Amino acid sequence: MIEAAANAGPVRGRFITFEGGEGSGKSTQIKILAERLNAAKLHTIVTREPGGSPGAEIIRHLVLSGMGKLLGTDAETLLFAAARDDHVHTVIKPALEQGVWVLCDRFADSTRAYQGRLGNVLPGVLNAMERVTIGDLKPDLTVILDIPVEIGMQRAAARRGGCAPDRFEAEDVAFHRQLRDAYRDIAASDPQRCVVIDANADVATVAAAVWTALRDRVLTANPAKEVTRA
Ligand code: T5A
């Protein structure tokens, strides 16, 4: 099935996003999946948000340093949107149009969860930003890695060693519990696109669950899509 997709005519690549709380293992799993897809001769790139393009990486530095927070939640959300706009138009869409698979560490659901649910930015504002930044670009699959808050925070703390927590890692446990609920609600509201995977397991077990979701929902379920250019 994989080789058939790789050998087909001009098809759009697939867009897979990974979401979840701090330390849920997104980077770890994306790396494993990318290696597996590339080994299957499906040209795959890994990218991330905020960031993923030169312009967006500058904004990443701004927001994760906490400087965006000083501007207020709406303005901070605009910074994430500006980063996404650059990333989508210079990296994600061009890659998909060339048939490349794009694995993205966080995407619009992060804005819905962090700025929408936790920051109380109004849905109408988020909808307007999404119309501008992503238009009709929708992930073929969104993997939501679900993990108890305390374990995710412990993992994130262990990974950064003695370094200071970033803007969102520094939020309290109540914040991160609400965030977990927000992701579960996003998954429940769009079950065709989203799959929730228990990330409180060893790396190989989580990777196997990710692969099963991809195989069942993307590789075998979706027929090849023609490349469409706006
Ligand atoms: N944000 C982002 C918004 O507020 N709005 C937005 O619109 C967007 C796009 C980005 C921050 O920006 C916010 C959300 C974020 O707070 P970031 O630095 O990119 O921050 O970090 P995160 O995306 O939060 O990701 P993390 O770096 O916290 O962690 P990951 O990638 O989920 O986890 P990973 O793979 O690095 O693993 C963490 C540690 O756990 C170990 C790893 O080895 C690593 O040490 N690990 C495991 N250990 C045991 N068992 C497993 N199964 C493990 N998997 C990984």
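All values derive from a computational prediction rather than experimental measurement.

### Overview of the packing of helix α3 (residues 54-64) against helix α4 (residues 73-97)
Working note: a packed helix pair is described by the angle between its axes plus the distance between those axes.
Item 1. It is at 8 Å that the axes of α3 and α4 come closest, and there the two elements cross at 160 degrees. By the angle class used here, α3 and α4 are roughly antiparallel. Along this stretch, α3 crosses α4, giving a crossing that reads as left-handed. Judged by residue contacts, Gly-55, Ala-56, Ile-59, Leu-62 and Val-63 of α3 engage Glu-76, Leu-79, Phe-80, Ala-82, Ala-83, Asp-86 and His-87 from α4.

### Notes on α3
Item 1. Turning to α3, its buried residues are Ala-56, Ile-59 and Val-63. All buried residues of α3 fall inside an arc of 60 degrees around its axis, so they share one side. Exposed side of α3, more than 90 degrees from the buried face: Pro-54, Ile-58 and His-61 are the residues found there.

### Observations regarding α4
Every α-helix carries 3.6 residues per turn, so stepping three or four residues along brings you back to the same face.
Item 1. Along its 25 residues, α4 runs 34 Å from first to last C-alpha, staying within 8% of the 36 Å computed at 1.5 Å per residue.
Item 2. Along α4, the largest kink reaches about 45 degrees and is centred on Val-88.
Item 3. After α4 finishes, the residue Gly-99 shows a positive phi value of roughly 85 degrees.

### Focus: the site of the ligand
Item 1. Around the ligand, the surrounding shell holds 26 residues, and the nearest of these are Ser-27, Thr-28, Arg-106, Thr-111 and Arg-159.
Item 2. Between the ligand and the protein, one listed contact pairs an oxygen atom with a side-chain N or O atom of Ser-27 at 2.5 Å.
Item 3. At a separation of 3.1 Å, an oxygen atom of the ligand approaches a polar side-chain atom of Arg-84.
Item 4. Contact with the protein chains removes 84% of the 1,000 Å² of surface that the ligand exposes when unbound.
Item 5. When atoms are counted within 2 Å of each cavity's grid points, the one that captures over half of the ligand is the largest pocket.
Item 6. When contributions to the shell around the ligand are tallied by element, the ones reaching two or more residues are α2 (26-39), α3, α4, α5 (108-118) and α7 (149-160).
Item 7. With four residues, α5 is the single largest residue contributor to the shell around the ligand.

### Some remarks on the pairing of strand β4 (residues 141-146)
Item 1. Among the six residues of β4, six are classified as buried, and the element is accordingly described as predominantly covered.
Item 2. When β4 meets strand β5 (residues 194-198), the two strands line up parallel, connected through five bridges. What sits directly across from Val-143, in β5, is Val-195.

Parameters and conventions
Residues numbered from 1 in each chain as written. Predicted model: local features only at pLDDT ≥ 70, side-chain atom pairs only at ≥ 80, totals over all residues. Heavy atoms only, no water. Axes fitted to C-alpha atoms, helices over the stretch in contact; angles between N-to-C directions. Helix = DSSP H or I, 4+ residues; strand = E, 2+ residues; numbered from the N terminus. Parallel < 35°, antiparallel > 145°, perpendicular 65-115°, else oblique. Left-handed = near helix turned anticlockwise from the far one by under 90°. Contact = heavy atoms within 4.5 Å. Buried < 20%, exposed > 50% of the residue type's maximum accessible area, 1.4 Å probe, protein only. Arc of directions from axis to C-beta. Expected span 1.5 Å × (residues − 1). Bend = angle between axes of the 7 residues up to and from the residue. Near = heavy atom within 4 Å. Polar contact = N/O pair within 3.5 Å; in protein donor to acceptor, adjacent residues only side chain to side chain. Areas by Shrake-Rupley, 256 points an atom, 1.4 Å probe, with all protein chains shown as cover. 1 Å grid on protein atoms, 1.4 Å probe; cavity = no way out; pocket = protein on both sides within 12 Å on 5 of 7 lines; lining within 4 Å. Sits in = over half its atoms within 2 Å of the grid points. Pairing = 2+ DSSP bridges.

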